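This is what each chain is made of:
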Amino acid sequence: MSKVATRFAPSPTGPLHIGGVRTALFNWLFAKNKGGNFLLRIEDTDKERSKKEFQDQIIQSLKWIGINYDSDEYIQSTKISSHVKIAEELLKKGNAYKCYCSNDEIEEQKKRAKQKKIPYIYDRKWRDKNESEAPKNIKPVIRFKSKIDGKSKLKDLVQGDIEIDNNTIEDFVILRNDGTPTYNLSVTVDDHDMNVTHIIRGDDHKINTFKQMQIYDAMNWDLPVFAHIPLIHTKEGKKLSKRDKDSTLDDYSKIGIMPEALRNYLLRLGWSFKDKEIFNLEESIKYFNLEGIGKSPSKLDLNRILSMNEYYIKNMKEDNLFDQLKDFCENNKEKIPSEKEHQIKKSLVFLKNKAKTLEDIFNNSKYLISNKVNFNIEDLKLIDGTSKKIIAEFSNRIKSISKFNRESLEPLINELIMTNNTNFKGVGQPLRIALTGSKFGPGIYDIIVSLGKDEVIKRLGNKIFV
RNA sequence: GGUCCCUUCGUCUAUCGGUUAGGACACAUGGUUUUCAUCCAUGAAAGAGGGGUUCGAUUCCCCUAGGGACCGCCA
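**Student:** Please give an account of the sheet that holds strand 4 (residues 96–99) that cites residues and values.
**Tutor:** The three strands are arranged 4-5-8 in an open sheet whose pairing can be described as antiparallel. The open sheet has two free edges, formed respectively by strand 4 and strand 8 (173–175), since each of these has just one partner strand. Across the sheet, the mean angle separating the axes of adjacent strands is 45° when strand polarity is ignored. Where strand 4 lies against strand 5 (residues 141–144), four bridges are found, and the strand directions are antiparallel. What sits directly across from Y97, in strand 5, is R143.

As structure tokens, this is what we get:
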């Protein structure tokens, strides 16, 4: 058996959506599991809708989530001439024929079928007609001569055996009247040329597979193995499309979901391995198989994505986490000033405990990133006379503390609680608001220590607390 | 409408004829705590319905219902 090769074949007509990412992931993991190659093919034959920017974005997205393809990307539009050659060969061999029906004629047939409520299928008018009868003013399309009798069986590795009557597959167009190949032809020729052994793709291609199988058969090419994975559905239970909310990879990266987390989530969406939930990269490759793919569609669950991301934030090495945070902030928020990097990196140890996303970490570390405190108006109202007194006392007393850490601050805080006849909240809350502008945030000791003595004194000295 | 596919807690899923139907997320309650969280414990929560086959069905078969995909000279 030849070396396993899988491929992911997106069309660059929009941003890569999450279902595509999962398809790519499954193909990639399958290939890596088998020690094979994973290839990327850009299906850009629709000139109207294909855009280079989407192609770049797809490649960028795959890179982001850590899926790397073997050898250069295969650009379908550069292979059109070989597709056409095959169409001509099929024509010569009698597996295809020229169809001179006009657009109007076809439309008319469709309309009539709709009225009669019978399924439309091209009536094979030119299948056996002599070309001498061809109208001069019409450029023909080339149609594949599909089987009419009998049944065809698809041995699908996910769906099992699927059998359909051949007469439900129409004589589909393989070459348009402008001479360009259509999807089913191009895909088949490319997959064959690329030596693809396993085609793992969305459920929505199942019927196409029956068309493509006939081309393989006519050309006497080895049939690859097919595996059609169930689609990802929206909350409403419909096929997820790029137009849906939270459907593209960017929707997740921009709120601070990390690639490891999204990869792990997508792996477990529609695939399982016993009760295991967390798979690092090595485990993903080691355990991935087609048997674990379920047959029913699954819905996206943002809570689960967030929870997965939270897990990775908490369990990731801080160096790595910081690098990701840095990139995230630069790309989506504001750049972390280089002089603050060390301080923030050190603070991750507590910042990460309160975060589900990189965005959360960013929000919780704003008090460190910015030199100016941005006060929440509502929270500021909580600062009363006693609060001001406590702030002043605290500020005064820390000036004499030489070692600025939790141990040295604790007695001081406790003393303030006693002398002001209050509880921890009575002291902690005003200090937190004064230092960060908000009553929510990291633990007060963490805030104070991470800011450092000078900065704390400076912030507590703000005129509004006098 | 035709063809094909699917159906276990709200969600993702485990179970490959015998289980108190398990786990995870979300949810609820309680505990820890220094706000918000985290963390820990506990709880509620499922085999679409009906027939078979079988000593025994969530599991195998059939029907019904519900859902989905496809039905382009798009990919």
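**Student:** Before we move on, can you summarise the side chain of R7 with the specific residues and values?
**Tutor:** The residue R7 is located in strand 1 (residues 5–8) in this model. For R7, the side chain forms a polar contact with the side chain of D191, separated by 2.9 Å. Setting aside residues no more than four positions away along its own chain, R7 makes contact with N27, F38, L39, R41, V187, D191, M194, V196, H198, I199 and R201.

**Student:** For the pattern of salt bridges, give the residues involved together with the corresponding values.
**Tutor:** Between side chains of opposite charge, pairing is possible as soon as their charged atoms come close. Taken as a whole and judged by the stated rule, the model has 33 salt bridges. One salt bridge in this structure joins D217 and K147, with 3.4 Å as the shortest N-O distance. Here the residue D217 occupies a position in helix 6 (residues 206–219), and K147 occupies one in the loop between strand 5 and strand 6 (151–156), the gap between them amounting to 70 residues. Under the relative-accessibility criterion, K147 is labelled partly exposed at 36%. Note that D319 is salt-bridged to K345, the shortest N-O span being 3.5 Å. Remark: K345 occurs in helix 12 (residues 338–351) and D319 occurs in helix 11 (residues 318–332); sequence separation between them is 26 residues. Owing to a relative accessible area of 48%, D319 belongs among the partly exposed residues under this scheme. Connected via shared salt-bridge partners are R7, R41, E43, D190 and D191.

**Student:** Explain the pairing of strand 5 residue by residue, including any values.
**Tutor:** Of the two faces of strand 5, the one carrying V141 and R143 and the one carrying I142 and F144 are both buried. The pairing of strand 5 with strand 8 spans two bridges and is classified as antiparallel. Within strand 8, the residue paired with R143 across the bridge is V173.

**Student:** Provide a residue-level description of the packing of aromatic side chains, including the pertinent values.
**Tutor:** Summed over the entire model, instances satisfying the criterion amount to eleven aromatic pairs. An aromatic cluster of three or more residues is present, and its members are F26, W271, F273, F279, Y287 and F288. Above the ring of W126, the side-chain terminus of K129 is found at 4.7 Å from the ring centroid. Lying over the aromatic face of Y122, R143 brings its terminal NZ or CZ to 3.6 Å of the ring centre.

**Student:** An account of helix 16 (residues 385–398) is needed here, citing residue identities and associated values.
**Tutor:** Because an α-helix completes one turn every 3.6 residues, residues spaced three or four positions apart along the sequence face the same direction. Taking 1.5 Å of rise per residue, the 14 residues of helix 16 would be expected to cover 20 Å, and the 20 Å separating its terminal C-alpha atoms lies within 8% of that figure. Contacts from the buried residues of helix 16 go to helix 17 (406–419), helix 18 (424–436), helix 19 (444–451) and helix 20 (453–460). Capping the start of helix 16, D384 holds a side-chain oxygen 3.4 Å from the backbone nitrogen of T386, two or three residues further along.

**Student:** Which residues make up the packing of helix 16 against helix 18, and what are the values?
**Tutor:** Interhelical geometry of helix 16 versus helix 18 gives an angle of 75° and a closest axis separation of 9 Å. Viewed along their axes, helix 16 and helix 18 adopt a mutual orientation that is roughly perpendicular. Two secondary-structure elements touch here, helix 16 through S387, I390, I391 and F394 and helix 18 through G426, V427, P430, L431 and A434. Across the contact of helix 16 with helix 18, the residue classes tally to seven nonpolar, two polar and no charged.

**Student:** Describe the pairing of strand 1, with residues and values.
**Tutor:** Side chains A5 and R7 of strand 1 all project onto a buried face; the interleaved residues T6 and F8 project onto the opposite face, where all are buried too. Of the pairings in the sheet, the one linking strand 1 to strand 2 (residues 37–42) comprises four bridges and is parallel in character. In the strand pairing of strand 2, F8 is matched with L40. Viewed along the sheet, the connection from strand 1 through helix 1 (residues 18–33) into strand 2 turns out right-handed.

**Student:** Give me the lowdown on the protein's contact with RNA strand B, citing residues and values where you can.
**Tutor:** As a structural note, the neighbourhood of RNA strand B is formed by 60 residues, with R176, K238, K354, R406 and Y445 the closest of them. Of all RNA strand B atoms lying within 4 Å of any protein atom, the proportion belonging to sugar or phosphate reaches 68%. The separation between a phosphate oxygen of RNA strand B and a polar main-chain atom of K299 is 3.0 Å. The set of elements that each furnish at least two residues to the surface near RNA strand B consists of helix 4 (103–116), strand 7 (160–165), helix 6, strand 12 (298–299), helix 10 (302–315), helix 18 and helix 19. When residues of the surface near RNA strand B are assigned to their parent elements, the largest contribution, five residues, is made by helix 10. Looking at the surface near RNA strand B residue by residue, the classes come out as 16 nonpolar, 19 polar and 25 charged.

The rules behind each value
- Residues numbered from 1 in each chain as written.
- Chains lettered and ligands numbered in written order.
- Predicted model: local features only at pLDDT ≥ 70, side-chain atom pairs only at ≥ 80, totals over all residues.
- Heavy atoms only, no water.
- Pairing = 2+ DSSP bridges.
- Helix = DSSP H or I, 4+ residues; strand = E, 2+ residues; numbered from the N terminus.
- Axes fitted to C-alpha atoms, helices over the stretch in contact; angles between N-to-C directions.
- Polar contact = N/O pair within 3.5 Å; in protein donor to acceptor, adjacent residues only side chain to side chain.
- Contact = heavy atoms within 4.5 Å.
- Salt bridge = Lys/Arg side-chain N within 4 Å of Asp/Glu carboxyl O.
- Buried < 20%, exposed > 50% of the residue type's maximum accessible area, 1.4 Å probe, protein only.
- Phe/Tyr/Trp six-rings, centres within 6.5 Å; stacked < 30°, edge-to-face > 60°.
- Lys NZ or Arg CZ within 6 Å of the ring centre and 35° of its normal.
- Expected span 1.5 Å × (residues − 1).
- Parallel < 35°, antiparallel > 145°, perpendicular 65-115°, else oblique.
- Nonpolar A, V, L, I, M, F, W, Y, C, P; charged D, E, K, R; others polar.
- Right-handed = clockwise from strand over helix to strand, strands pointing away.
- Near = heavy atom within 4 Å.

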